[in-house]
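Overview (structure and organization)
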Amino acid sequence: MSKQFIDSEFSPGGLLGVLSKREVTHLLDTSQGGLYTLFRNCCLAVLNCGSHTDDSKALLDQHKNFDIRILQQERGIKLQVFNAPADAFVGGEIIQGIREHLAAVVRDILYAADLIQRFDSSNSQDISDMVFHMLRNGGILQAPQDPNLVVCWGGHSISREEYDYSKEVGYYLGLRMLNVCTGCGPGAMKGPMKGANIGRAKQRGGAGRYVGITEPGIIAAESPNPIVNELVILPDIEKRLEAFIRCAHGIIIFPGGAGTMEELLYLLGIMLHPDNSEQPMPIVLTGPASAAEYFAEIDAFIHTTLGARAQKLYQIIIDDPVMVAEIMFNGKNSVRDYRKQHSDAYNFNWMLYIEAEFQQPFLPTHDNMKSLVLDRTQPAHQLAANLRRAFSGIVAGNVKEEGIRAIEQYGVFEIEGEKAITQPLDKLLTRFIKQQRMKLPGTTYNPCYRIKK
């Protein structure tokens, strides 16, 4: 029987081969304000690439004996790991892709800590600047290229048919030399990258760009898949979502669960704001024929809660991957022309207006979840922001360590609001549960929420 755990030391490589003594001390600081716990947990998530779990708490509990140290040497630094998952190594050597992802962890945790000291987290422009700096520092913003980055959202818990469809869409994106950006995990985040890789290979177009954008709270539940060749870790879910839509030139949404609805509601809330009414952004919801009912349910939910104007922001295309790819290819030209006309950057949409309520981190405590304003007395974009927070809290209770522990300690989240909102919300979530979209197939799902109808 092969070993489950391994001790090893290796260089992370790249620019992170050299760190100052202060940076090393900061990463290994176990005090309340130190970075060690964050650093350790993100590294463990990366080392667990390919693990079949979406329970951050279970993963961390399973690897309580894992530890990581940084060794300062004459020629730079080395990472020293103890009781690391053996699957991250071949013949005792760290897999190269995982080595690169670990370097991204070191880079982004240190850089985010530095930016937090320099920027005002209560200022909307400062938050956008921070997102920009994180993406630029991670090499995501490549100025010489024409707009060609397609963001793909979708669930980690999807059927084989839905996964194969996402891969087929990716294939036709690759044939058109479009690059792919996802949440970097498995399922609908991996499928488009895998398909695009094959499509590009047919065009002899090189490896292509497979950008993964994640954040510390979700990375353990959605470890970066091995195709990701550009990884960046934003400090929280709100900055992660802003990073997605500011660097996107088109967005495809595959079937998913609460996390996918969180992303869709965030996107619609931004695009519904009057200041963004002229912004071109091709948005397609798509899946195989078996997903037609799923998207009809989401469309009905959007109509009931946000209205017809929100529905006009996206197209639903069923079982036609070629058309999806064509819409993205043609749509990027509209994005390019608009940004050129307004002297905006191709690689980062500075003109997009994002209100502070979409940027401030939402802490999914029991009090905050119960206090959400879910009624139609507010503008549609503000209701979208609060619905997004509701789904964000459910995601936390489903898969994030702090959310799972809060549910264990205090019971389920309670969600209240106008019946015209809470009843369709409960209906949609119930369908997600029946379709096994809230947890991996074969896992018993116990709801982390109760909706007062």
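Here the structure is a predicted model, which is why all the values come from computation and not from measurement. (Residues numbered from 1 in each chain as written. Predicted model: local features only at pLDDT ≥ 70, side-chain atom pairs only at ≥ 80, totals over all residues. Heavy atoms only, no water.)

With that out of the way, let us pick up the environment of Thr 25. Along the polypeptide, Thr 25 turns up in helix H1 (residues 21-27). Spatially, the C-alpha atom of Thr 25 lies 35 Å from that of Asn 368, the residues being 343 residues apart in sequence. (Helix = DSSP H or I, 4+ residues; strand = E, 2+ residues; numbered from the N terminus.)

Attention now goes to helix H13 (residues 321-341). Here H13 spans 31 Å end to end across 21 residues, near enough to the 30 Å set by a 1.5 Å rise per residue. Taken together, the buried positions of H13 are occupied by Pro 321, Val 324, Ala 325, Ile 327, Met 328, Gly 331, Lys 332, Val 335, Tyr 338 and Arg 339. Seen end-on, H13 carries its buried residues on one side only, within an arc spanning 150 degrees. Exposed residues lying more than 90 degrees from the buried face of H13 are Lys 340 and Gln 341. Against strand S6 (149-153), helix H6 (160-175), helix H9 (237-247), strand S10 (250-253), strand S11 (283-287) and strand S12 (315-318) lie the buried residues of H13. Within two residues after H13, Ser 343 carries a phi angle of roughly 55 degrees, on the positive side. (Expected span 1.5 Å × (residues − 1). Buried < 20%, exposed > 50% of the residue type's maximum accessible area, 1.4 Å probe, protein only. Arc of directions from axis to C-beta. Contact = heavy atoms within 4.5 Å.)

Let us now look at the side chain of Asp 426. Here Asp 426 is to be found in helix H17 (residues 419-434). You can call Asp 426 buried: its relative accessible area is 16%. Once you skip the residues sitting within four places of it in the chain, Asp 426 turns out to touch Tyr 449, Ile 451 and Lys 453.

Turning our eyes to something else, we now look at the packing of helix H5 (residues 124-137) against H9. In the contact formed by H5 and H9, the axes pass within 10 Å of each other and the chain directions differ by 70 degrees. Our classification of the angle between H5 and H9 gives roughly perpendicular. For the pair formed by H5 and H9, the contact residues are Ile 127, Ser 128, Met 130, Val 131 and Leu 135 on the first element and Lys 239, Glu 242, Ala 243 and Arg 246 on the second. The class makeup of the residues in the contact of H5 with H9 is five nonpolar, one polar and three charged. (Axes fitted to C-alpha atoms, helices over the stretch in contact; angles between N-to-C directions. Parallel < 35°, antiparallel > 145°, perpendicular 65-115°, else oblique. Nonpolar A, V, L, I, M, F, W, Y, C, P; charged D, E, K, R; others polar.)

The contact between helix H15 (residues 380-399) and helix H16 (residues 401-410) brings their axes to 6 Å, and the two run at 80 degrees. The angle between H15 and H16 places the two elements in the roughly perpendicular class. Note on element contacts: H16 touches H15 through Glu 401, Gly 403, Ile 404 and Ile 407, opposite Ala 396, Gly 397, Asn 398 and Val 399. Split into classes, the residues belonging to the contact of H15 with H16 amount to four nonpolar, three polar and one charged.

Here we come to unusual backbone geometry. Phi is positive for Asn 83, close to 55 degrees, though the residue is something other than glycine. For Asn 83, a relative accessible area of 33% translates into the label partly exposed. Phi is positive for Arg 204, which is not a glycine, with a value near 50 degrees. Residue position: Arg 204 is located in the loop between helix H7 (191-202) and strand S8 (210-214). On the basis of relative accessible area, Arg 204 is assigned to the exposed category, the value being 72%.

Looking now at the sheet that holds S6. Taken together, the seven strands give an open sheet; going across it, the order is S9-S8-S7-S6-S10-S11-S12, and neighbouring strands pair in parallel fashion. Looking at the sheet topology across the chains shown, the edges are occupied by strand S9 (230-233) and S12. Between one strand axis and the next, the sheet turns by 25 degrees as a mean value, whatever way the strands run. Across three bridges, S10 lies against S11 in parallel orientation. Bridge pairing in S11 places Ile 253 opposite Leu 285. The sheet contacts of H13 involve S6, S10, S11 and S12, and relative to S11 the element is tilted by about 165 degrees. (Pairing = 2+ DSSP bridges.)

So, on to the pattern of salt bridges. Counted under the stated rule, the structure contains 20 salt bridges. The shortest N-O distance in the salt bridge between Glu 326 and Arg 176 comes to 2.7 Å. One end of the pair, Glu 326, is in helix H13; the other, Arg 176, is in the loop between H6 and strand S7 (179-182), with 150 residues separating them in the sequence. Using a relative accessible area of 32% as the deciding quantity, one classes Glu 326 as partly exposed. Between Arg 431 and Glu 293 there is a salt bridge, with its nearest N and O atoms 3.1 Å apart. (Salt bridge = Lys/Arg side-chain N within 4 Å of Asp/Glu carboxyl O.)

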